[in-house]
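These are the residues of each chain, in order.
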Amino acid sequence: MKIEKNTVVSLTYKLTESDDNGSIIEEVDEKQPFVFLYGSGNLIPGFENNVKGLSLGDSFAFGINAADAYGTYDENGVVELQASLFHHEGKFDEELCKVGNIIPMRNESGQQFNGKIKDIKGDVVVMDFNHPLAGKDLYFKGKVVDVRMASEDELNHGHIHDHGEHDGSCGCGCDN
């Protein structure tokens, strides 16, 4: 079976920056492969375009430039916020607010963003809301370890359901 829309794909890969010799960002092995519903719009398009049509056992190696992955690094994504936003029980939360920590935040519309603390300058916290891989060219090298048709439930919910573990729940709150 080939990877196409509405298939569930399991694969292994090594993700490096720029090319095969770049610094390793992530590795996924056969013990816990990366499993996804192809064509559901949950992955970067550059990734899906490169695995389309592959079959069980096929190997792959491809690069995706930053613009087609997580976008270019946007300096406007770095903002200075008043330290008072990070107060807990009337004082600055020093445990939460450490350089390098990633903190979930919400904008005025309620949309959630993850921001990484870049710096703390007096009464200002400098946050970076760019994706951690923004501005980076990516290189994937791996192998397809399984391809199957998605179930009706998976198609209806737009993601895979792994009922093989724990209580049979996929953990998404969809009761399947």
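A brief report on the enclosed structure follows.

## Quick word on the packing of aromatic side chains
- Within the structure shown, the criterion is met by 11 aromatic pairs.
- Taken together, a centroid distance of 5.5 Å and an interplanar angle of 70 degrees make the contact between Y13 and F140 edge-to-face. Here Y13 is found in strand β1 (residues 7–17), whereas its partner F140 is found in strand β11 (residues 138–149), with 127 residues between them in sequence. In terms of burial, Y13 and F140 fall into one category: buried.
- The structure contains a cluster of three or more aromatic residues connected by ring pairs, namely Y13, F34, F36, F47, F60, F62 and F140.

## A short note on the environment of F113
- For F113, the location among the structural elements is in strand β9 (residues 112–121).
- For F113 and N130, which are 17 residues apart along the polypeptide, the C-alpha to C-alpha distance reads 9.3 Å.
- Not counting chain neighbours up to four residues away, the residues in contact with F113 comprise I103, P104, M105, N107 and F129.

## Quick word on unusual backbone geometry
- Non-glycine residue N6 carries a positive phi angle of around 70 degrees.
- Take N6: it is sitting in the segment before β1.

## Thoughts on the sheet that holds strand β5 (residues 78–82)
- If you trace the 4 strands from one edge of the open sheet to the other, you get β5-β10-β9-β8, paired in antiparallel fashion. Unpaired on one side and paired on the other, β5 and β8 (102–106) mark the two borders of the sheet. Here the strands of the sheet are splayed against their neighbours by 45 degrees on average, with no regard to which way each runs.

## Comments concerning the nonpolar core
- Of all hydrophobic cores here, the largest spans 22 residues; its most connected members are I3, L11, F36, F47, V51, F60 and F140.
- The set of elements that each furnish at least two residues to this core consists of β1, α1 (45–51), β4 (59–64) and β11.
- The contacts of L11, once residues within four sequence positions are left out, are V28, P33, F34, F36, F47, V51, F60, K143, V144 and V145.
- Counting residues in each nonpolar core, the second largest holds 9 residues, with A83, C97, M105 and I117 among its members.

## As for the pairing of β9
- Summarising the sheet, β8 and β9 pair through 5 bridges and their orientation is antiparallel. Bridging from a neighbouring strand, R106 pairs with Q112 of β9.
- In this structure, the hairpin formed by β8 and β9 is closed by a connection of 5 residues, where G110 is found at a positive phi of approximately 90 degrees.
- For β9 and strand β10 (residues 124–128), the ladder comprises 5 bridges, and the chain directions are antiparallel. In the strand pairing of β10, I120 is matched with V125.

## As for the side chain of T12
- Along the chain, T12 turns up in strand β1.
- Its relative accessible area of 12% is what places T12 among the buried residues.
- Apart from residues no more than four positions distant in its own chain, T12 is found in contact with V28, D29, E30, F60, K141, G142, K143 and V145.

## A few points about the pattern of salt bridges
- A complete count under the given rule lists 5 salt bridges for this structure.
- Measuring nitrogen to oxygen at the nearest pair gives 3.4 Å for the salt bridge that ties K141 to D20. On the criterion of sequence distance, the pair formed by K141 in strand β11 and D20 in the loop between β1 and β2 (24–28) is long-range, its members being 121 residues apart.
- Taking relative accessible area as the criterion, K141 reaches 41% and is therefore assigned partly exposed.

## A closer look at the environment of P45
- Tracing the sequence through the fold places P45 in helix α1.
- In this structure the C-alpha to C-alpha distance between P45 and D123, which are 78 residues apart in sequence, comes to 40 Å.

Rules used throughout
Residues numbered from 1 in each chain as written. Predicted model: local features only at pLDDT ≥ 70, side-chain atom pairs only at ≥ 80, totals over all residues. Heavy atoms only, no water. Phe/Tyr/Trp six-rings, centres within 6.5 Å; stacked < 30°, edge-to-face > 60°. Helix = DSSP H or I, 4+ residues; strand = E, 2+ residues; numbered from the N terminus. Buried < 20%, exposed > 50% of the residue type's maximum accessible area, 1.4 Å probe, protein only. Contact = heavy atoms within 4.5 Å. Pairing = 2+ DSSP bridges. Axes fitted to C-alpha atoms, helices over the stretch in contact; angles between N-to-C directions. Core = buried A, V, L, I, M, F, W, Y, C linked by side-chain atoms within 4.5 Å. Salt bridge = Lys/Arg side-chain N within 4 Å of Asp/Glu carboxyl O.

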